[in-house]
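So you can see what is in the structure, the chains are spelled out below.
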Number of protein chains: 2
Amino acid sequence: MFRKLMTFDEAKKAIDIKFKPVFLGDEEAVLLEANNRVLSEDVVSSLDIPPFNRSTVDGYAVKAQDTFGADENKPTALRIVGSVAVGEAPNVALGKGEAIEIVTGAVIPQGADAVAMVEDTECEDAELLIYSAITVGENVMKKGSDIQKGAVVLRKGQILGSSEIGILAALGLTKIKVLKIPIIAVLSTGGEVTELGRPLPPGKIYDINAYSISTAIIEAGGKPVYFGVVPDDKTALAKSMKMAVASADMVITSGGVSVGPKDYTPQIVDSLGKPGIVVYGIAVKPGKPTTVGFVGEKPIFSLPGHPTSALLIFYLLARPLILRLAGRPETTMKMIKAFAGARMFSAKGRRTYVMVKLEFDKDCRLIAEPVETGASGAISTLAKSDGFVEIAENEQFIDVNQEVSITLFRSSTAIV
Amino acid sequence: MFRKLMTFDEAKKAIDIKFKPVFLGDEEAVLLEANNRVLSEDVVSSLDIPPFNRSTVDGYAVKAQDTFGADENKPTALRIVGSVAVGEAPNVALGKGEAIEIVTGAVIPQGADAVAMVEDTECEDAELLIYSAITVGENVMKKGSDIQKGAVVLRKGQILGSSEIGILAALGLTKIKVLKIPIIAVLSTGGEVTELGRPLPPGKIYDINAYSISTAIIEAGGKPVYFGVVPDDKTALAKSMKMAVASADMVITSGGVSVGPKDYTPQIVDSLGKPGIVVYGIAVKPGKPTTVGFVGEKPIFSLPGHPTSALLIFYLLARPLILRLAGRPETTMKMIKAFAGARMFSAKGRRTYVMVKLEFDKDCRLIAEPVETGASGAISTLAKSDGFVEIAENEQFIDVNQEVSITLFRSSTAIV
């Protein structure tokens, strides 16, 4: 079957039309393990914060009215009837003409409506002299003034970081409902690919893609589940794919999508359910043999076997879907401006991605040096590339010294 | 004892002089769990990659010399003596005048030194006609041409991401030596603070700082160990601090660093060992009562009790040390430019940090709106702030509409 290659934008649109980010359900997370998880429901405060009227200074709890008219020449004299320490319930109430010693953070005792700062007072035995009038509520933080009981403090969809975990702790919550992490099945195909952990048989290479892509899945907020290297046999591959679709929220295979007789993956995807393959090859370089399908609402990406191509297409097309399944904002990867260190050519009629390494030149300009990505650089390309430059379909090349935008593979590289 | 407050820069310098990032040792990590870990040794390839001479095309393995002089009018005729599939050791060697069918990725059989692309050949029964001369090595990726056995492929100190994990997989490594994660002891003090997971007693508030700071420790590449809320009692606090220093690589306490009679923390730090307290209060707002000490090479931070102040000072002073202990580059936090939404005043003579919330105005300009951080906003400040603006000691205020740099608390916020 021959179909014209889609452009990159057509492929992205075809995927977006079919993709429905389903709700994967929620689960409970222990607060200290909830870092970087996504809230699955609004959090309503079950407490007033502060939970009591609280002194914001060290001093004396008083009735403000008792101090009206006091000044430096005519202090108010009050009788000290007790003290409140921090963290304790006051064991004494305040009457007219009385004062109770109090420290920052302690509970304002019943009957008091303000606190005189210790600096504005003088104390002789049980007598307190106050040298300035105090207004009602002065130096008192009212119960619930920070957060009211019943108020929504965090919204569904919030990614939890240090501030949010602190807020949840303030409410006394030790567990919290978060979105489930999408399960992404990872399959490798290709007769030359073999699993790690045993000596390399003749003619074989180790499975690289399962590991690089699984790591990229974790970084995108998904949980990779490795289905291993599937034998290059239609029945075995169909069986593995079926299991993967049944148990995961998305499936990513790599290898086995060229046009050889053994490249069954698209046929199998079509056979597993509707709508089947929606992208059958893309006019990009590298990554042309990529196919994308859906079985029901579950996306199935079949990436090329070349490690750099597979990882690139993962970042461009699969990562945004994992972010959305995980309930995360579809943030772009980190980008940076640099100058092209050499002329970079595009592949005719295909959107071209050139892997680059970043270096500073002697004038401290950031230079993007193209990294060889051909058949001879499968692994060293991965090691050397900091990111990639995009050349549009209608451009022939990027010229040396031209300013370019680099999309970075890592959020921190040694150089930037 | 009275000592003049250090400026922020003096405090940072005093810490840097005393801080020696010790080597915490290494440990083995399973490859798929090594994401975001730091390599503790150079990785040397124990393999040639590719591990064999490999065909980069579908075609026929030949002796290049047999094809010399061939052209469209005078093809070379060779005898096909076998075939090699991908992932297999060839079971046949090539003699003069012979060809062996081969596919992309398969092993070049003994005796062959080039591959004729299938497009440049014609095949009749066991006879192959080649219509163009082939050079030695054409369409062959030589053993070790991507990575040579014995080559250093990744350097000590490398942070492992998708590319690096892919490279390690290519070498067949299932485990890898990584730096140990620094253990950071987290203690809370303050008579009003109580642990989560039980009803709130009268006069108490839940421990917020242990949770927000522990999360920030995880984000910085450390492992928090919670020592709980330590009773406001000198003996108990000294005992906890001693245990914390003995078992962790750094200690962070919060609360109990004001100038009340119960603020023993600095005295205890001084008593635990040399050099003791090196920063006794800093001319910043908020965060003035911060103290920093060392027992041997172990840093001890005593942060204020106010949640926003504690987290801010953690980010400014403790986070860089955790990054260095973890063997990570001391990257700054993410920053962004915005316009001040209101005039923001500094505290006289103190470097001032104003918490801000980011919003777009009707002209789509990014505006930094100051968030109230006073005593009345302990928790709501955490909830509302996206980051902070710094006002230097010698500046009085930042004016409305002035362009400012915002340091972001989160690497992704809803708005940017």
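Details of the structure are given in the entry above.
The rules behind these values
Residues numbered from 1 in each chain as written. Chains lettered and ligands numbered in written order. Predicted model: local features only at pLDDT ≥ 70, side-chain atom pairs only at ≥ 80, totals over all residues. Helix = DSSP H or I, 4+ residues; strand = E, 2+ residues; numbered from the N terminus. Rg over C-alpha atoms; globule rule 2.2 N^0.38 Å. Buried ≥ 20, exposed ≤ 12 C-beta atoms within 10 Å, placed from the backbone. Contact = placed C-beta atoms within 7 Å. Bend = angle between axes of the 7 residues up to and from the residue. Pairing = 2+ DSSP bridges. Nonpolar A, V, L, I, M, F, W, Y, C, P; charged D, E, K, R; others polar. Core = buried A, V, L, I, M, F, W, Y, C linked by C-beta atoms within 7 Å. Least-squares fit on C-alpha atoms with pLDDT ≥ 70 in both. Axes fitted to C-alpha atoms, helices over the stretch in contact; angles between N-to-C directions. Parallel < 35°, antiparallel > 145°, perpendicular 65-115°, else oblique. Left-handed = near helix turned anticlockwise from the far one by under 90°.

1. What to know about the overall build of chain A
For chain A, the helix and strand inventory stands at eight helices and 28 strands. For chain A, the C-alpha radius of gyration of 33 Å lies well beyond 22 Å, the compact-globule estimate for 416 residues. Principal axes of the C-alpha set define a box for chain A whose edges measure 100 × 55 × 45 Å. The buried share of chain A, reckoned over its 416 residues, is 50%. Excluding contacts between residues fewer than 6 apart, the proportion of contacts in chain A whose partners are at least 24 apart in sequence is 70%.

2. Thoughts on helix α7 (residues 307-325) of chain B
Approximately 45° is the largest bend angle found in α7 of chain B, and it occurs at Ala 318 of chain B, with the proline Pro 320 of chain B only one to four residues beyond. Across the 19 residues of α7 of chain B, 16 count as buried, placing the element largely inside the fold.

3. Quick notes on the environment of Glu 164 of chain A
Here Glu 164 of chain A is to be found in helix α3 (residues 162-170). Each C-alpha atom of the pair Glu 164 of chain A and Gly 69 of chain A lies 46 Å from the other, and the pair is 95 residues apart in sequence.

4. A few points about the pairing of strand β4 (residues 59-62) of chain A
Residues and elements named next belong to chain A. Pairing of β4 with strand β6 (residues 98-102), which is carried by three bridges, proceeds in the antiparallel orientation. Across the sheet, the residue bridging to Tyr 60 is Glu 101, located in β6. For β4 and strand β7 (residues 114-117), the ladder comprises four bridges, and the chain directions are antiparallel. Residue pairing in the sheet places Tyr 60 in a bridge with Ala 116 of β7.

5. Describing the pairing of strand β24 (residues 351-360) of chain B
Sheet faces and side chains relate simply in a regular strand, where the side chains alternate between the two faces. Residues and elements named next belong to chain B. Where burial is concerned, most of β24 is hidden: seven out of the ten residues are buried. Relative to β24, strand β19 (residues 284-285) is paired through two bridges, and the arrangement is parallel. Bridged to Lys 285 within β24 is Thr 352. Direction of pairing for β24 relative to strand β26 (residues 387-391): antiparallel, over a ladder of five bridges.

6. Here we look at the interface of chain B and chain A
When the parts of a complex come together, some accessible area is lost, and that lost area is often used as the size of the interface. Between chain B and chain A, the contact holds 70 residues from the first and 70 residues from the second. Going through the elements one at a time, β11 (152-154), α3 (162-170), β15 (205-206), α4 (209-219), α7 and α8 (378-384) of chain B are the ones with two or more residues in the side of chain B that touches chain A. Within the side of chain B that touches chain A, the residues separate by chemical class into 40 nonpolar, 23 polar and seven charged.

7. Some points on the nonpolar core
Counting residues in hydrophobic clusters, the biggest one holds 202 residues, and the most contacted among them are Val 251 and Val 389 of chain A together with Val 251, Ile 252 and Val 389 of chain B. If we skip the residues at most four places from it in the chain, Val 389 of chain B touches Met 344, Val 354, Val 356, Ala 368, Ile 398, Val 404 and Ile 406 of chain B.

8. Focus: the relation of the copies chain B and chain A
Mapping chain B onto chain A leaves a residual RMSD of 0.1 Å; the transformation is a rotation of 180° accompanied by 0.0 Å of translation along its axis. Viewed as a symmetry operation, the transformation between the two copies matches a two-fold axis. An overlap of 100% is found between the interface residues of chain B and their copies at the interface of chain A, pointing to a shared contact surface.

9. Focus on the packing of α3 of chain A against α4 of chain B
Helix-helix packing is characterised by the crossing angle of the two axes and by the distance between the axes. At a minimum axis separation of 7 Å, α3 of chain A and α4 of chain B run at an interaxial angle of 155°. Comparing their axes, α4 of chain B and α3 of chain A come out roughly antiparallel. Note on packing geometry: the crossing formed by α3 of chain A with α4 of chain B is right-handed. The residues of α4 of chain B that touch α3 of chain A, namely those facing Ser 162, Ser 163, Ile 165, Gly 166 and Ala 169 of chain A, are Tyr 211, Ser 212, Thr 215, Ala 216 and Glu 219 of chain B. Looking at the contact of α3 of chain A with α4 of chain B residue by residue, the classes come out as four nonpolar, five polar and one charged.

10. Points about helix α4 (residues 209-219) of chain A
An α-helical segment advances 3.6 residues per turn. Residues three or four places apart therefore align on the same side. Residue and element names in this part refer to chain A. With ten of its eleven residues buried, α4 lies for the most part within the structure. Listed as buried for α4 are Asn 209, Ala 210, Tyr 211, Ser 212, Ile 213, Ser 214, Thr 215, Ala 216, Ile 217 and Ile 218. One or two residues past the end of α4 sits Gly 221, with phi positive at roughly 95°.

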